[in-house]
Amino acid sequence: MKLFDKDGVEIVDLIVSDDSYRNRRIMGENTITLKVQLYEHIEIPVGAYCIYQQERYTLLRPQNIRKNDSKNFEYTIILESAFARLGLYKFRDMTSGRLKFSFTARPVEFLNMIVCNLNQRESGWTAGDCIEGYEKTISFNHNFCIEALKFIADEFETEYEIVDKVVSLKKVEYNKEYP
């Protein structure tokens, strides 16, 4: 598995152990945990990433390193998808900038507000598919974007999905014909 720095330069091509895994849940975390054993120390900076099944996974926190002896390093590297970024940013009212507010809108307007909040912090976020629905009022109080998205999905009795930087508010269904 190749790891790249935030500028796209290859850092290292790792041979991962069989203990490595991907954890992906509907409306939940989407991470890759790499278990690697090396005979020399390598520096893996925050912001390093890999591409797995056409999705980017980024190191958002310093890696966990356990040193077995002077020539044996065991790395546990947890790379997170774009989903994790929603937990970094507070959800704000776009007109006043307040963190405590109520908003009345249709689902697509709530989705656009989430995307606008994310694009204020980092570019590239877009709105994906969205359900149709009537206007509803939802109150927010110092919530992170991920919490706000959960409130919106619960209020409209649907699910959400984040693939790369595309946020969708819809029922998440795949392979209905061949489950």
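Further up the page is the structure itself.
Read on for an overview of the structure.

The rules behind these values
- Residues numbered from 1 in each chain as written.
- Predicted model: local features only at pLDDT ≥ 70, side-chain atom pairs only at ≥ 80, totals over all residues.
- Heavy atoms only, no water.
- 1 Å grid on protein atoms, 1.4 Å probe; cavity = no way out; pocket = protein on both sides within 12 Å on 5 of 7 lines; lining within 4 Å.
- Points joined across faces, edges and corners; volume = space filled by probe spheres on them.
- Helix = DSSP H or I, 4+ residues; strand = E, 2+ residues; numbered from the N terminus.
- Nonpolar A, V, L, I, M, F, W, Y, C, P; charged D, E, K, R; others polar.
- Pairing = 2+ DSSP bridges.
- Axes fitted to C-alpha atoms, helices over the stretch in contact; angles between N-to-C directions.
- Parallel < 35°, antiparallel > 145°, perpendicular 65-115°, else oblique.
- Contact = heavy atoms within 4.5 Å.
- Salt bridge = Lys/Arg side-chain N within 4 Å of Asp/Glu carboxyl O.
- Buried < 20%, exposed > 50% of the residue type's maximum accessible area, 1.4 Å probe, protein only.
- Phe/Tyr/Trp six-rings, centres within 6.5 Å; stacked < 30°, edge-to-face > 60°.
- Lys NZ or Arg CZ within 6 Å of the ring centre and 35° of its normal.

### Here we look at the layout of surface pockets
In this model, the largest pocket occupies a volume close to 190 Å³. Arg24, Arg25, Ile26, Met27 and Glu161 are, among the 15 residues lining the largest pocket, the residues nearest its centre. Considering each element in turn, the lining of the largest pocket owes the most residues, 4 residues, to strand β12 (residues 160-163). Taken together, the residues that form the lining of the largest pocket break down as 8 nonpolar, 3 polar and 4 charged.

### Notes on the sheet that holds strand β13 (residues 166-169)
Reading across the sheet, the 3 strands line up as β10-β13-β12 and stay open at both edges, with mixed pairing between neighbours. Strands at the two margins of the open sheet, each flanked by one partner only, are β10 (126-130) and β12. The mean inter-strand angle of the sheet, taken between neighbouring strand axes irrespective of direction, is 20 degrees. Relative to β13, β10 runs parallel, the two sharing 3 bridges. When the bridges of β13 are listed, Thr126 appears paired with Val166.

### Overview of the packing of helix α1 (residues 107-121) against helix α2 (residues 145-155)
Here α1 crosses α2 at 175 degrees, and the two axes come no closer than 11 Å. The angle between α1 and α2 places the two elements in the roughly antiparallel class. Between α1 and α2, the residues in contact are Phe110, Ile114, Asn117 and Leu118 and Cys145, Ala148, Leu149 and Ile152, respectively. Grouping the amino acids of the contact of α1 with α2 by side-chain chemistry returns 7 nonpolar, 1 polar and no charged.

### Topic: the pattern of salt bridges
Applying the stated criterion across every chain, the model contains 8 salt bridges. Across the pair Lys2 and Glu10 runs a salt bridge whose closest N-O atoms are separated by 4.0 Å. For Lys2, a relative accessible area of 40% gives the class partly exposed. With relative accessibility at 40%, the residue Glu10 sits in the partly exposed group. Across the pair Glu109 and Arg106 runs a salt bridge, and its minimum N-O distance is 3.8 Å. Given the relative accessible area of 32%, Glu109 is considered partly exposed. Accessibility expressed as a relative area gives 36% for Arg106, which makes it partly exposed.

### Description of the packing of aromatic side chains
This structure, assessed with the given rule, holds 7 aromatic pairs. Consider the rings of Phe101 and Phe140, whose centres lie 5.2 Å apart with planes at 40 degrees: the pair is tilted. A residue pair is termed long-range when its members are at least 10 positions apart, and Phe101 in strand β9 (residues 100-105) and Phe140 in strand β11 (residues 136-141) qualify at 39 residues. Per residue, the accessibility class of Phe101 equals that of Phe140, and both read buried. Here the aromatic cluster, defined as three or more aromatic residues joined through ring pairs, consists of Phe91, Phe101, Phe103, Phe110, Phe140 and Phe156. Positioned over the ring face of Tyr49 is Arg56, at 3.6 Å from the centre of the ring.

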